[in-house]
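For reference, the chains in residue letters:
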Amino acid sequence: MFTILTGAQFGDEGKGKIIDVLSSDYDVVVRFQGGNNAGHTVIVGDDTYKLHLLPSGVLTDARLLIGPGVVVDPGVLLGEIKMLADMGIKITPEKLGIDAKTSIIMPYHIEMDKLREQKREKKIGTTARGIGFAYIDKISRDEVRLAELADKDAFSEIMNELAPQRERAIIDLGGDPGVVREGILDYARYGATLKPYITDVSYELNRALDSGGNVLAEGAQGAHLDIIHGTQKYVTSSSTIAGGACTYLGIGPTMVDQVIGVVKAYITRVGEGPLPTEQAGDAGDRLRDAGGEFGTTTGRPRRCGWFDAPLARKAAYLNAYTSIALTKLDVLTGLNPIRICTEYELDNERIDYPPELSSDLARCTPIYEEVEGWDQDISVAGMFSDLPDAAQDYVRKMGEILKVDVKMVSNGPKRNQIIVR
Ligand code: IMP
Ligand code: MG
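Residues numbered from 1 in each chain as written. Chains lettered and ligands numbered in written order. Predicted model: local features only at pLDDT ≥ 70, side-chain atom pairs only at ≥ 80, totals over all residues. Heavy atoms only, no water.

Quick notes on the nonpolar core
By size, the foremost hydrophobic cluster in this structure holds 60 residues, and its most contacted members are Leu-249, Leu-329, Leu-332 and Tyr-394. For this core, the element with the most residues is helix α14 (residues 389-402), which contributes seven residues. Two domains each provide a minimum of three residues to this core, namely domain 1 (2-100 + 197-259) and domain 3 (263-420). Apart from residues no more than four positions distant in its own chain, Leu-249 is found in contact with Phe-2, Val-30, Arg-31, Phe-32, Gly-67, Val-201, Ser-202, Leu-205, Ala-217 and Gly-244. With 52 residues, the next largest nonpolar core counts Leu-64, Val-70, Val-180 and Leu-216 among its residues. (Core = buried A, V, L, I, M, F, W, Y, C linked by side-chain atoms within 4.5 Å. Buried < 20%, exposed > 50% of the residue type's maximum accessible area, 1.4 Å probe, protein only. Helix = DSSP H or I, 4+ residues; strand = E, 2+ residues; numbered from the N terminus. Domains from an automatic or database assignment. Contact = heavy atoms within 4.5 Å.)

Quick notes on the domain arrangement of the protein
Entries for the protein in the domain assignment read domain 1 (2-100 + 197-259), domain 2 (103-194) and domain 3 (263-420). Taken together, the contact between domain 2 and domain 3 spans six residues of the former and five residues of the latter. It is Gly-125, Thr-127 and Arg-129 in domain 2 that bury the most area against domain 3; as a group they hold 68% of the surface buried on that side. The tally of links between domain 2 and domain 3 comes to zero salt bridges. Inspection of the region where domain 2 meets domain 3 yields three residue pairs in polar contact (both at pLDDT 80 or more). (Buried area = accessible area lost by both parts, 1.4 Å probe. Salt bridge = Lys/Arg side-chain N within 4 Å of Asp/Glu carboxyl O. Polar contact = N/O pair within 3.5 Å; in protein donor to acceptor, adjacent residues only side chain to side chain.)

What to know about the site of ligand 1
Around ligand 1, the surrounding shell holds 16 residues, and the nearest of these are Asp-12, Asn-37, Thr-127, Thr-236 and Val-270. The side chain of Asp-12 places a nitrogen or oxygen atom 3.3 Å from a nitrogen atom of ligand 1. Take Val-270: an N or O atom from its main chain is 2.9 Å from an oxygen atom of ligand 1. Out of a free accessible area of 470 Å², ligand 1 has 96% covered by protein chains. Grouping the constituent residues of the shell around ligand 1 by class yields six nonpolar, eight polar and two charged. (Near = heavy atom within 4 Å. Areas by Shrake-Rupley, 256 points an atom, 1.4 Å probe, with all protein chains shown as cover. Nonpolar A, V, L, I, M, F, W, Y, C, P; charged D, E, K, R; others polar.)

Here we look at unusual backbone geometry
In the segment running from Gln-232 into Lys-233, the intervening peptide bond is cis, with an omega of 0 degrees. Following the sequence through the fold, Lys-233 ends up in the loop between β10 (215-218) and α10 (242-249). At the junction of Asn-336 and Pro-337, the peptide bond is cis and its omega measures out at 0 degrees in the coordinates. Although it is not a glycine, Lys-403 adopts a positive phi angle of roughly 60 degrees. Following the sequence through the fold, Lys-403 ends up in the loop between α14 and β19 (406-410).

Some words on the coordination of the magnesium ion (ligand 2)
Those protein atoms acting as donors to the magnesium ion (ligand 2) are Asp-12 (OD) and Gly-39 (O), and they sit at 2.0 to 2.4 Å. Linking Asp-12 in the loop between β1 (2-7) and α1 (15-22) with Gly-39 in the loop between β2 (28-31) and β3 (40-44), this pair joins segments that are 27 residues apart in sequence. Overall, Asp-12 belongs to the partly exposed group, its relative accessible area being 22%. (Donors = N, O, S within 2.8 Å, 3.2 Å for Na, K, Ca; no water.)

So, the environment of Ala-381
In this structure, Ala-381 sits in the loop between β18 (365-371) and α14. Sequence separation of Ala-381 and Asp-153 is 228 residues, and the distance between their C-alpha atoms is 58 Å. Setting aside its immediate chain neighbours within four residues, Ala-381 contacts Asp-386, Leu-387, Asn-411 and Ile-419.

As structure tokens, then:
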């Protein structure tokens, strides 16, 4: 069975927890795009794990893979492996495989990401982790791949050619070119440490599927941060939608059995770009506080707003979900009434689907429907029927908007706070 799981909004939907819950059913959990711009929080018992690169299936017996479409900062990855080792979880090469073709985020990518953002008149609000510049080098075929990082001669050959070019680029952007050569020795060491983890991810996955195994592809970020179909230019540099998993992992689309969309019961965004239902006042503060809406990667406060049905409809089209996991329903407790944006008004017309361009989306005024809230503590509910009627109605409404069943409802951050319908 091949399952793809993606975020349906702007990332931070709570994918990490859903993957942690699902992954006991899977033999392999694989990341297919993005890099350590992502931040996934997994809570088990009293322990909180904040992951940026390792797949969220890390706490189960599943084999973990990082596909060739991911951009990897090797220092961050080794830091994560060490953090887990300190907590008693060993990430051996039997547990984790990384594709030979995975692009490496170099120190100059991070520097260029920061310098470029400083110069932009319209900021994107990047996480400044070098993601975009690592992807630029992949597309321009000037990347350093893990296989080369792990091969001393190949690595120094590439650096001899690239270093002067990258130094000039950094000078052009007004930065200090010293960063280009400073990191090289550390990076060669990282390469040697990561060498035993190298694998052919597409081959491993197709073999696993061929022999009846279960594979879960874990998306990072969300539909509206997709490089092509998202709210350009306020997007990340990879394909975040379900089709991206096939492309990045080298698995044919006819192999896909399930596409799970993770949808938060309200909406958040971190960084710049349009967010029609954003609540600057009280409601926004309530959602941010109750939902702990601060970036896992950057610590930035997330912008919060009411559920946005037009954006949800687009995410459903882009991904063709077979089911939905609705997260953070408990955060809405005590908000009465709850508002749902069902349509937008744009140029005196009502529309139920987002306009294609961000500049038009930014001009949309949300039209809200008010629904009844609830005051009961729902974080202890174990079954759907334990939820108050108003909460059940809210879940059903999400399913109607997305035109697909909500099969899981997350009602708290802990592993056992999950209702399966
Ligand atoms: P970049 O991916 O660091 O270039 O950032 C581009 C945009 O995507 C910025 O608005 C970031 O805040 C946003 N972004 C990147 N990764 C994530 C994520 O994992 N969750 C939420 N937003 C993200
Ligand atoms: Mg996150």
